[in-house]
Amino acid sequence: MGHRVLVAVGGGAAAMKSPFVVRRLLEAGYEVRVLASPRALAFTTETALALASGHEVATETRWFEPHGRALHLDLAAWADLVLVAPATAAALARAATGLAEDLLTATIVGGARQVLWAPAMNPEMWHHPTTQANVRRLKALGHGFAGPVHGAMASVGEAEGLGRMVEPEDLVAHVRRALAPKDLEGLHFLITAGPTREHLDPVRFLSNPSSGKMGFALAEAARDRGAKVVLVSGPTALPAPFDVTLVRVESALQMRQAVLDHFEQSDVVIMAAAVADWRPAEKLPEKEAKSGREKTLHLVANPDILAELGTMKAGRVLVGFAMETGHGLERAFAKVKRKNLDFICLNHPTQPETAFGGDTNRIVVVFPDGRTESLGLASKRELADRILDRVRGSIQQRV
Ligand code: CTP
């Protein structure tokens, strides 16, 4: 990581959230500087932005202070990405026409390498043909857009609509995507995530504590690197990632069907879901009342989806996950061969930093030739990228 992001704060009400945008970017590991337009400082303050970023804020009054090169050229050269958040209709118009009479536009025209706009304005302004023409023009110039999204406007009493700025934490996801290498462009990924639920009756089920975070992180990382992604997920509390086709399922049988529906078009399949190995032999149509007596459940085996895919693999890359409470290397090695996989990601849910539901994990990759590679302890997102690097390795071996 370590990319440099210049947050350029435009003069809209959403500038109130810009200090949070800065903070979220810093937390995600970016180097951050801030530029604020004069009108932005009617909605937030220089102090708030300086405190959030830990640096002096670039403002119009500092533009031509004597310090070697002009500030707009310095900022453009410094930033890997300029995130305009919020972006007003006026800023879009100025940038689209090269009207570099203010510090923000001058920085963009002054050689910014990559620009990502996070528009915020009322829906009338967003939908206005002039604004839309400017957006098209900027897109044609290679600029990126995050939002706007549908939601409440800043002024009380104003109707909801399309024009709200993407929330600060989601903007980080857009920045990450903009800065990611596009080394998986043109590939179709099919990824599974989460647990499955195997119902006994309408209100009871067998399941496991999988949160889905690893599979979702893989889907987002693959999307960011240019892949088209279908994510088949069991029940999770996670929001749908943008620009990913999300298919929600409940049971292992439904997951199998959804996976088979998308298998044909896929180049890479990663089964990160914790699929239940058994399901009740029958699902009762009505809730069963308690009897106070012992009860025996009759379970039948679920199909092993990954093993089935292994028999139809052809040229695809196939990746599995293995969860072992013991040592597990030999078992993982046996599994990678039996299921005809390119590799399997072995993890141990019994340690605190790798427990179910956490944001970190520790993974050892096991290859069919017996090689193993430790991906270390890291955030699930970081591990997702390391796994995708191995996927690329498998693809490169094929050509
Ligand atoms: N998997 C699957 N279908 C199942 C069970 C598991 O596709 N019915 C996939 C998981 O998504 C994961 C891998 O297979 O990628 C995990 O296999 P695991 O359940 O550990 O393998 P088993 O052979 O079932 O392990 P064990 O022998 O411990 O049950």
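Parameters at a glance
- Note on numbering: residues in each chain are counted from 1, in written sequence order.
- A pLDDT threshold of at least 70 governs which residues receive local features in this predicted model, and a stricter bar of 80 or more applies before side-chain atom pairs are shown or counted, although totals over entire chains, interfaces and linings include all residues.
- Note that the side-chain values use all heavy atoms of the structure and ignore hydrogens as well as water.
- Helix numbers and strand numbers start at the N terminus; a helix is a DSSP run of H or I with at least 4 residues, a strand a run of E with at least 2.
- The rule is simple: take the accessible area with a 1.4 Å probe, protein chains only, and divide by the maximum for that residue type; under 20% is buried, over 50% is exposed, in between is partly exposed.
- Should any heavy atoms of two residues lie within 4.5 Å, those residues are considered in contact.
- Exposure was quantified through the Shrake-Rupley algorithm and a 1.4 Å probe, taking into account, for residues, occlusion by the shown protein chains and nothing else.
- In summary, the charge assignment counts Lys and Arg as positive and Asp and Glu as negative, without counting His or the chain termini.
- Here the site of a charge means NZ on Lys, CZ on Arg, CG on Asp, or CD on Glu.
- By definition, two strands form a pair when at least two bridges between them are found by DSSP.
- Summary of the distance rule: residues count as near a molecule or strand when at least one heavy atom falls within 4 Å of that molecule or strand.
- Polar contact is the term for a pair of N or O atoms within 3.5 Å; when the atoms are in protein, one must be able to donate a hydrogen and the other to accept it, and sequence-neighboring residues count only if both atoms are side-chain atoms.
- Nonpolar residues are Ala, Val, Leu, Ile, Met, Phe, Trp, Tyr, Cys and Pro. Charged residues are Asp, Glu, Lys and Arg, and all others, Gly as well, are polar.
- The source of the domain bounds is an automatic or database domain assignment.
- Accessible area, probed at 1.4 Å, shrinks when two parts are joined; the buried area is that loss added up over both.
- Here is the rule: rings of Phe, Tyr and Trp (six-membered ring for Trp) pair when centre to centre is within 6.5 Å. Planes less than 30 degrees apart are stacked, more than 60 are edge-to-face, and the remainder are tilted.
- When the NZ atom of lysine or the CZ atom of arginine is within 6 Å of a ring's centre and also within 35 degrees of its normal, the charge is said to sit over that ring.
- Between N-to-C directions, angles cover 0 to 180 degrees, with each direction set by a line fitted to C-alpha atoms, over the stretch in contact for helices.
- For this classification, under 35 degrees means roughly parallel, over 145 means roughly antiparallel, 65 to 115 means roughly perpendicular, and everything else is oblique.
- Here is the rule for handedness: rotate from the far helix to the near one, and if that takes an anticlockwise turn smaller than a right angle the crossing is left-handed, while a clockwise turn gives right-handed.
- Arc, as used here, means the arc of the directions from the helix axis to the C-beta atoms.
- Patches were defined on residues exceeding 30% relative accessible area and lacking a salt bridge, with like-charge contacts within 9 Å and nonpolar side-chain contacts (Val, Leu, Ile, Met, Phe, Trp, Tyr) within 5 Å.
- Criterion for a salt bridge: a side-chain nitrogen of Lys or Arg within 4 Å of a carboxyl oxygen of Asp or Glu.

Student: When you look at the overall build of the protein in this model, what are you seeing that I'm missing?
Tutor: Counting its regular elements, the protein contains 13 helices and 19 strands. C-alpha atoms of the protein, sized along the principal axes, occupy 80 × 50 × 40 Å. Looking at the protein residue by residue over its 399 residues, the buried ones come to 48%. A separation threshold of at least 6 residues defines the contact pool for the protein, and within that pool the share at least 24 residues apart is 67%. When the accessible surface of the protein is totalled, it reaches about 18800 Å², and 54% of it is carbon and sulfur. Here the protein contributes 46 positively and 44 negatively charged side chains, and the mean placements of these two sets differ by 2 Å.

Student: Would you explain the sheet that holds strand E3 (residues 81-87) in this entry?
Tutor: Strands pair in a sheet through their backbones, by hydrogen bonds, and they do so in one of two ways: parallel or antiparallel. Strand order across the open sheet formed by five strands is E2-E1-E3-E4-E5, with parallel pairing between neighbours. If you trace the sheet from one side to the other, it starts and ends with strand E2 (31-36) and strand E5 (144-145), each paired once. Where strand E1 (residues 4-9) meets E3, four bridges bridge the pair, whose relative direction is parallel. Bridge pairing in E3 places Leu6 opposite Val82.

Student: I tried to follow the site of the ligand on my own but got confused; where do I start?
Tutor: Taken together, 14 residues sit near the ligand, with Met271, Ala273, Phe321, Arg331 and Lys335 positioned nearest. The contact in question runs from an oxygen atom of the ligand to an N or O atom on the side chain of Lys335, over 2.7 Å. Burial of the ligand by the surrounding chains reaches 81%, relative to a free accessible area of 570 Å². Looking at the shell around the ligand, the element that brings in the most residues is helix H12 (residues 329-338), giving three residues. Residues of the shell around the ligand, tallied by class, amount to seven nonpolar, one polar and six charged.

Student: In this structure, what is going on with the domain arrangement of the protein? I would like to understand it.
Tutor: It is common to give the size of an interface as the accessible area that goes away when the parts come together. For the protein, the domain assignment lists domain 1 (4-179) and domain 2 (188-398). Summarising the inter-unit geometry, the C-alpha centres of domain 1 and domain 2 are found 38 Å apart. With four residues of domain 1 in contact, the opposing surface of domain 2 contributes five residues. For the pairing of domain 1 and domain 2, the buried interface totals around 470 Å² over both sides, and the portion due to carbon and sulfur atoms is 54%.

Student: I keep staring at the packing of aromatic side chains and nothing clicks. Help me out?
Tutor: The geometry of an aromatic ring pair comes down to the distance between the two centres and the angle between the two planes. A full pass over the atoms with the stated rule returns two aromatic pairs. The ring of Phe242 carries Arg223 above its face, with NZ or CZ at 3.8 Å from the centroid. Here the basic side chain of Arg371 rests over the ring of Phe367, its NZ or CZ set 4.1 Å away from the ring centre.

Student: I tried to follow the packing of helix H9 (residues 213-224) against helix H13 (residues 380-398) on my own but got confused; where do I start?
Tutor: In a pair of packed helices, the angle between the axes and the distance between the axes together describe the arrangement. Interaxial distance between H9 and H13 falls to 8 Å at its minimum, and their mutual angle equals 60°. Relative to H13, H9 is oriented oblique. Between H9 and H13 lies a crossing whose hand is right-handed. Counted together, Lys213, Met214, Ala217, Leu218, Glu220, Ala221, Ala222 and Asp224 of H9 and Lys380, Arg381, Leu383, Ala384, Asp385, Ile387 and Leu388 of H13 form the full contact between these two elements. Grouping the amino acids of the contact of H9 with H13 by side-chain chemistry returns nine nonpolar, no polar and six charged.

Student: Would you mind going over the pairing of E2 with me for this structure?
Tutor: Successive side chains on a regular strand alternate, one facing one side of the sheet and the next facing the other. Alignment of E1 against E2, held across six bridges, turns out to be parallel. Its bridge partner lying in E2, Ala8 is registered against Leu35.

Student: What should I look at first to understand the side chain of Arg225 in this one?
Tutor: Position of Arg225 relative to the elements: it lies in the loop between H9 and strand E11 (228-233). Looking at Arg225, its side chain comes within polar contact range of the side chain of Asp389, at 2.7 Å.

Student: Help me understand the environment of Phe64 in this model?
Tutor: By the element assignment, Phe64 lies in the loop between helix H2 (46-53) and helix H3 (71-78). By relative accessible area, which is 60% here, Phe64 ends up exposed. Phe64 sits 39 residues away from Leu103 along the chain, and the two C-alpha atoms are 10.0 Å apart.

Student: Mind showing me how you'd approach H2 here?
Tutor: Helical geometry note: an α-helix holds 3.6 residues per turn, so side chains three or four residues apart project in the same direction. Here H2 has its buried residues at Leu49, Ala52 and Ser53. Down the axis of H2, the smallest arc covering the buried residues is 85°, so these residues share one side. Exposed side of H2, more than 90 degrees from the buried face: Thr47 and Leu51 are the residues found there. Taken together, the buried residues of H2 touch E1, helix H1 (18-27) and E2.

Student: I keep staring at a nonpolar patch on the surface and nothing clicks. Help me out?
Tutor: Taken together, the side chains of Trp278, Leu297 and Leu299 make up a nonpolar region of the molecular surface, amounting to roughly 300 Å² of accessible area. Position of Trp278 relative to the elements: it lies in strand E14 (residues 278-280). On the accessibility criterion, Trp278 (51% relative accessible area) is exposed.

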